Amino acid sequence: MEVKEYLKQTDGIKHHIDLLRIESQQLKLQSQSVQGVQYGEHISSPNKNTEAPFVRCLLRKQEVDDQIKREEDYLSTLKMEISTAIDELPCIDERIVLRARYINSSSWDEIANQLNYSLRSTHRIHAQALQHFVIPK
């Protein structure tokens, strides 16, 4: 795995967590909706599922919430690992750029303003930082 791919894992995990949160919210809304009753319905099979639909939604929501928790724990561990590796860089500007970009998810403009450098200089520092960064084993 290349350095940039390793560092960008945090963005992918954050995006996945956001999608899981949306799914969890949708399941919560589905579980709160009430379906109409059909009094004339005839149950032809004794094996037909008679469980209320909201129960399935609640069970699936719990699974999604558990997955969110696992993903958040993994993201936290990964960020600590990345942060420790960033601290090993000798140049303070390189550490600032990588931490702002991959730990704090700052935009390039925000990073350039923080350092009082041009966007071009910020990208140059980033490229140097990527060359010096060592992926933890």
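Up top you'll find the structure we're talking about.
Reading the values: the criteria
Residues numbered from 1 in each chain as written. Predicted model: local features only at pLDDT ≥ 70, side-chain atom pairs only at ≥ 80, totals over all residues. Heavy atoms only, no water. Helix = DSSP H or I, 4+ residues; strand = E, 2+ residues; numbered from the N terminus. Buried < 20%, exposed > 50% of the residue type's maximum accessible area, 1.4 Å probe, protein only. Areas by Shrake-Rupley, 256 points an atom, 1.4 Å probe, with all protein chains shown as cover. Salt bridge = Lys/Arg side-chain N within 4 Å of Asp/Glu carboxyl O. Phe/Tyr/Trp six-rings, centres within 6.5 Å; stacked < 30°, edge-to-face > 60°.

*Asks:* Would you mind going over the overall build of the protein in detail, with residue names and values included?
*Replies:* Along its length, the protein carries five helices and zero strands. Going from the N terminus to the C terminus, the protein shows its helices and strands as α-α-α-α-α. Sorting the 137 residues of the protein into buried and exposed places 29% on the buried side. Summed over all atoms, the accessible surface of the protein reaches about 9,500 Å², with 51% contributed by carbon and sulfur.

*Asks:* Talk me through the pattern of salt bridges; I want residue IDs and the actual numbers.
*Replies:* A full pass over the atoms with the stated rule returns seven salt bridges. Of the charged contacts in the structure, one is a salt bridge between Arg21 and Glu72, with a shortest N-O distance of 2.2 Å. With Arg21 in helix H1 (residues 3-32) and Glu72 in helix H2 (residues 53-87), the pair connects residues that are 51 residues apart, well separated along the chain. Here Glu72 falls in the partly exposed class, since its relative accessible area comes to 29%. Between Asp87 and Arg99 there is a salt bridge, with the nearest N and O atoms lying 2.3 Å from each other.

*Asks:* Summarise the packing of aromatic side chains; cite the residues concerned and give the values.
*Replies:* The geometry of an aromatic ring pair is captured by the separation of the ring centres together with the interplanar angle, meaning the angle of the planes. Throughout the structure, instances matching the rule amount to one aromatic pair. Considering the side-chain rings of Tyr6 and Phe133, the 6.2 Å spacing of their centres and the 35° angle between planes classify their relative orientation as tilted. You can see Tyr6 sitting in helix H1 and its partner Phe133 sitting in the segment after helix H5 (119-132), a full 127 residues away along the chain. With respect to class, Tyr6 is no different from Phe133; both count as buried.

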